[in-house]
Amino acid sequence: MIKALATMIALLATVGNAVAQEVTLSANAKEIYLGANGAVFYDGFVPETDVFISWKNGVYADIWTSTALNFRRDFDKEVDVTVGKAGKFHGFDYAVDGSYFIIVITDVITTSIELSRSVEINPRLTLAPYIRAEAYGPVRKGGPPRGIMGIAGLRGSVTIVPRLSISYRGLLKKDTGCFGFDSAVMGQGYVGIPIRLTSRLNITPGVSFSAPISRVRDGRKQEAVWEIGFSRRF
């Protein structure tokens, strides 16, 4: 499986680079796999890879993989394939996409739509309020229950010096019960410190946060997950 994924990532990057506006290859090492709903899907070290390809017309494609490099059948092993379209609408930025999640149980299909607006406070500080809706559903019967996540948040970056900045994201999320968990309101966030090694290569240590605001009985609790990653644009 690992060899097949590596081959697929290399092929996607090679083909995409020939016709796309930009290809970005990323790799991250995280201490645990914290899911989008704030649940710990794998309580152990997880490397992740990502290839993101964008075209001039706003179309984009992405393949994301995760594996703890063991031979167990567990939730560390996942492949997500996404295609979407981004653009502008009356001064706002939008993105619409669909994803197919290949996981150890029944595969999942997701669709999402996001609306945001970027604001440059000054040359060193940018922020972008956004709203987003994500719908999750199993491919076949017997998979995790359907659910929707509604999100309202703020993200942006602060430039400290030319090669060093801080990126941030904070959001409130209403989870109707995706993947069979309780309906809940979550507070989540991320802080990263991108270090620009070259014009196309970054290394970024960071930490993600998640905590249920409403009462839950499904094991979700406050989490802080450290990570370090790099990204290279082609």
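Counting restarts for each chain, with residues numbered from 1 along the sequence as it is written. The predicted origin of the model limits local features to residues at a pLDDT of at least 70 and limits the giving and counting of side-chain atom pairs to 80 or more, whereas totals for whole chains, interfaces and linings rest on all residues. Note that the side-chain values use all heavy atoms of the structure and ignore hydrogens as well as water.

- An unreviewed UniProt entry lists the protein under the name Outer membrane protein beta-barrel domain-containing protein, with Candidatus Gottesmanbacteria bacterium GW2011_GWB1_44_11c as the source organism.

1. What to know about the overall build of the protein
Right, on to step 1. Regarding its fold elements, the protein presents one helix and 16 strands.
Right, on to step 2. Its C-alpha radius of gyration of 18 Å places the protein within 12% of the 17 Å reference for a compact globule of 234 residues.
Right, on to step 3. The principal-axis extent of the C-alpha atoms belonging to the protein is close to 45 × 40 × 35 Å.
Right, on to step 4. Scored against the burial criterion, the 234 residues of the protein give a buried share of 39%.
Right, on to step 5. By the convention used here, residues are in contact when the closest approach between their heavy atoms is within 4.5 Å. Counting only contacts in the protein whose residues sit at least 6 apart along the sequence, the fraction spanning at least 24 positions is 47%.
Right, on to step 6. Computed with the Shrake-Rupley method and a 1.4 Å probe, the accessible areas treat only the protein chains shown as cover for residues. Accessible surface for the protein amounts to roughly 13000 Å². Of this, 64% is attributable to carbon and sulfur atoms.
Right, on to step 7. One finds the centroid of the 27 positive side-chain charges in the protein at a distance of 4 Å from the centroid of its 21 negative side-chain charges. Working definition: helices are DSSP H or I runs of at least four residues, strands are E runs of at least two. Numbering for both runs from the N terminus. The globule rule is 2.2 Å times the number of residues to the power 0.38, and the radius of gyration it is compared with is taken over C-alpha atoms. When accessible area is computed with a 1.4 Å probe and restricted to protein chains, residues below 20% of their type maximum are described as buried, those above 50% as exposed, and intermediate ones as partly exposed. Here the positive residues are Lys and Arg and the negative ones are Asp and Glu; neither His nor the chain ends is included. Charged groups are reduced to one reference atom each: NZ for lysine, CZ for arginine, CG for aspartic acid, CD for glutamic acid.

2. Digging into the pairing of strand β16 (residues 223-233)
Right, on to step 1. Pairing geometry for strand β1 (residues 22-30) and β16, over seven bridges, is antiparallel. Directly across from Lys30, in β16, lies its bridge partner Glu227. Following DSSP output, two strands are said to pair if at least two bridges run between them.

3. Re the side chain of Asp175
Right, on to step 1. Here Asp175 shows up in strand β12 (residues 164-175).
Right, on to step 2. A relative accessible area of 0% places Asp175 in the buried class.
Right, on to step 3. In protein, a polar contact requires one atom able to donate a hydrogen and another able to accept it; more generally it is a pair of N or O atoms within 3.5 Å, and residues adjacent in sequence count only if both atoms are side-chain atoms. Engagement of the side chain of Asp175 in a polar contact is seen with the side chain of Arg220, the distance being 3.1 Å.
Right, on to step 4. When near neighbours in sequence (up to four residues on either side) are disregarded, Asp175 contacts Asn37, Ile148, Met149, Asp182, Ser183, Ala184 and Arg220.

4. Overview of unusual backbone geometry
Residues apart from glycine generally show negative phi values, whereas peptide bonds are mostly found in trans.
Right, on to step 1. Although it is not a glycine, Leu69 adopts a positive phi angle of roughly 60°.
Right, on to step 2. With respect to the helices, strands and loops of the structure, Leu69 is situated in the loop between β5 (59-66) and β6 (78-89).
Right, on to step 3. Notably, His90 is not glycine yet its phi reads approximately 50°, a positive angle.
Right, on to step 4. In this fold, His90 is placed in the loop between β6 and β7 (92-102).
Right, on to step 5. What makes His90 exposed here is its relative accessible area of 68%.

5. Digging into a nonpolar patch on the surface
Right, on to step 1. Like charges within 9 Å and nonpolar side chains (Val, Leu, Ile, Met, Phe, Trp, Tyr) within 5 Å are joined into patches, using only residues over 30% in relative accessible area that form no salt bridge. Whenever a carboxyl oxygen of Asp or Glu lies within 4 Å of a side-chain nitrogen of Lys or Arg, that contact is scored as a salt bridge. There is a patch of nonpolar side chains on the surface, built from Ile160, Val161, Ile166, Val191, Ile193, Ile195, Leu197 and Phe209 and spanning about 590 Å² of accessible area.
Right, on to step 2. Considering the arrangement of structural elements, one finds Phe209 in strand β15 (residues 201-212).
Right, on to step 3. Using a relative accessible area of 38% as the deciding quantity, one classes Phe209 as partly exposed.

6. Some points on the side chain of Glu227
Right, on to step 1. Turning to its location among the elements, Glu227 is positioned in strand β16.
Right, on to step 2. Those residues in contact with Glu227, other than ones at most four positions away along the chain, are Asn28, Ala29, Lys30, Tyr190, Thr204, Pro205, Gly206 and Ser208.

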